[in-house]
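In case you want the letters, here they are:
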Amino acid sequence: MSSVYARGNQLWFRVKRDGKWTSIRAGFSVGEEKQALAALRKAERTLAAEDALGVPSDGRLTVAVYAATWVCRRQKLVRSWRDEESRLRLYILPKLGHLLVAEVQPREVAELVRELRTRPEPLAPKTVHNAYAVLRSLFRDAQVDGLVQQTPCVLSKHQLGKKADADPEWRSGAWYGREELLALVLDDRIPLDRRVFYALQGIAGCRHGEAAGLRWRNVTGEGEPLGRLRISTSYDTGRTKTGDVRHVPIHPLLGGLLKGWQEGGWETANGRAPTGEDLVCPHPPTARTALPRMRTPQRSLKLLHADLAALGLRQRRGHDFRRTFISLAREDGADVSILRRVTHKAPRDIMEDYTSVSFATLCREVLKLKLEPPRLAEVVPLALAVGAGTSGTSEGEGAPLATVLATVEDPETRNPRKPLGFRGLLSARSTGLEPVTFGVTGRRSNQLN
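What you see is a predicted model, and the numbers here were worked out from it, not measured in a lab.

(A) Structural detail: the overall build of the protein. Check the secondary structure of the protein and you find 17 helices and six strands. The 449 residues of the protein split such that 44% are buried. Accessible area for the protein stands at about 23900 Å²; split by element, carbon and sulfur atoms hold 53% of it.

(B) Quick peek at the sheet that holds strand S6 (residues 246-249). Taken together, three strands build an open sheet; the order of strands is S4-S5-S6 and the sheet is antiparallel. Either end of the sheet is taken by a strand with one partner, and the two such strands are strand S4 (219-220) and S6.

(C) Main features of the packing of helix H7 (residues 178-186) against helix H8 (residues 192-202). Relative to each other, H7 and H8 sit at 145°, their axes nearing to 7 Å. Across from Leu181, Leu184, Val185 and Leu186 in H7, the residues of H8 making contact are Arg195, Tyr198, Ala199 and Gly202. Counted by class, the contact of H7 with H8 contains six nonpolar, one polar and one charged residues.

(D) Up close: the nonpolar core. Within the largest apolar cluster, 56 residues are counted, with the highest numbers of intra-cluster contacts made by Val185, Ile203, Leu229, Leu254, Leu258 and Val280. The contacts of Ile203, once residues within four sequence positions are left out, are Leu181, Val185, Tyr198, His251, Leu253, Leu254, Phe325, Leu369 and Leu371. Formed by 33 residues, the second largest nonpolar core is a distinct cluster that contains Ile92, Ala110, Leu112 and Val134.

(E) Layout of the confidence of the model for the protein. Model confidence for the protein is summarised by a mean pLDDT of 78, while 77% of its residues fall at 70 or above. Predicted confidence in the protein is weakest over helix H16 (residues 376-385), with a mean pLDDT of 34, and strongest over helix H12 (residues 320-331), with 96. Every residue in residues 375-449 is under pLDDT 50, and counting partners more than four places away or in other chains gives 136 contacts.

(F) Helix H10 (residues 252-270), seen in detail. An ideal rise of 1.5 Å per residue puts 27 Å on 19 residues; H10 measures up with 25 Å between its terminal C-alpha atoms. When H10 is considered as a whole, its buried residues turn out to be Pro252, Leu253, Leu254, Gly256, Leu257, Leu258, Gly260, Trp261, Gly265, Trp266 and Asn270.

(G) Main features of unusual backbone geometry. A positive phi is found at Tyr235, a non-glycine position, where the angle reads about 55°. If you trace the backbone, Tyr235 turns up in the loop between strand S5 (228-231) and S6.

(H) A look at the packing of aromatic side chains. Under the defined criterion, the tally for this structure stands at two aromatic pairs. An angle of 20° between the planes, with centres 4.4 Å apart, marks the rings of Tyr176 and Phe321 as stacked. Here Tyr176 is found in the loop between helix H6 (157-160) and H7, whereas its partner Phe321 is found in helix H12, with 145 residues between them in sequence. The exposure class of Phe321 is buried, given its relative accessible area of 0%. With a centroid separation of 5.3 Å and an interplanar angle of 15°, the aromatic rings of Tyr198 and Phe321 are classed as stacked. Separated by 123 residues along the polypeptide, Tyr198 in helix H8 and Phe321 in helix H12 bring together distant segments of the chain. Here Tyr198 matches Phe321 in class, with each residue buried. What links up through ring pairs into an aromatic cluster is the set Tyr176, Tyr198 and Phe321. Over the ring of Phe359 we find Arg228, and its NZ or CZ is 3.9 Å from the ring centre. One residue, Arg295, lies across the ring of Phe197, its end atom 5.0 Å from the ring centre.

Conventions used here
Residues numbered from 1 in each chain as written. Predicted model: local features only at pLDDT ≥ 70, side-chain atom pairs only at ≥ 80, totals over all residues. Heavy atoms only, no water. Helix = DSSP H or I, 4+ residues; strand = E, 2+ residues; numbered from the N terminus. Buried < 20%, exposed > 50% of the residue type's maximum accessible area, 1.4 Å probe, protein only. Areas by Shrake-Rupley, 256 points an atom, 1.4 Å probe, with all protein chains shown as cover. Pairing = 2+ DSSP bridges. Axes fitted to C-alpha atoms, helices over the stretch in contact; angles between N-to-C directions. Contact = heavy atoms within 4.5 Å. Nonpolar A, V, L, I, M, F, W, Y, C, P; charged D, E, K, R; others polar. Core = buried A, V, L, I, M, F, W, Y, C linked by side-chain atoms within 4.5 Å. pLDDT = per-residue confidence, 0-100. Expected span 1.5 Å × (residues − 1). Phe/Tyr/Trp six-rings, centres within 6.5 Å; stacked < 30°, edge-to-face > 60°. Lys NZ or Arg CZ within 6 Å of the ring centre and 35° of its normal.

So this is what it looks like as structure tokens:
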């Protein structure tokens, strides 16, 4: 049992660690036994926590040491642990890593945030907020572990600054135009698996994780008048970001792509026919990976940028497909109060809690989205104008010239592909539909099935 004893006019602690008794200077004088005993009990809790973490008796529990253990535990709890590890390594540990966990003060956290906000190469405000959020989570767990009595992460919005985009003009252009979306899902310079993946995000409003974790058993023809996607998981976590299960109508254009992908494209890409438990859009097998694997945000973004460059379009994110779906549907007259049930959880409101929306009603709003493939005559000006760099067009600003006749390199295989004819955009291979016929005007004579 630990104890407090006097040595001269000073008080000392006697504690047992690793089976050995050790004396530690208490920092109190004779007559302050009550304060020393309280400090001893606090030290005992800290030592017990350090023992549980595997810190040696002569070790120093620094922020860097605790962060290594913390990240290992986070791997089992959150999918974003790699992002948290990266933010710790880049922004937090260089400044606070050498400090003892129990000695970090709010002023040191405030100084870290101030340096991040005023560094020569300024970080985006959101990056600063994300780094602080990781540090706050780390010290919250340290408090739960008994390593600190109070977290030093107590900064207010005045120290953190406003959570805003680094470029205030960026968000207004963070979406795809109607013609751009059609090109990304119909142009057969882009492999079919990626076109289907873009369609799940841009025509069904799925988040990246929802599209990556979607399995064929959740794609059904049930529903009236459209088929449905049952969105029940993000990646392989077993639940979506908001915890709800959404039933998303399959737009006719998306349905055609899914049909062609299921009936032949998936087997061609993966070497066997799909089963209900297979992912709808995995990364295809490569020389390094013999089996299909779930799409990751990093790899998907790299391939998206390559596809945008091949089409002569400016760079954007995968999440901008979701913004595109909502924006275009509302532009075409969709009721936002119903459309939001396709893309988001119903708002926290007593009337919304008591409101049920039929699947047919959801279908009606999704069908308002007008995504008819362009006339053949419109393909030429689209391909030539996009990326021309003319002033006053955000789509072409800073992008290289590209036409549908350009020879491009497939970023998956790094092999040059054959030049594509104008009719390639509207071919049966592009849409996954049955072959269509064109009249004199170039318009399709049949409707999407």
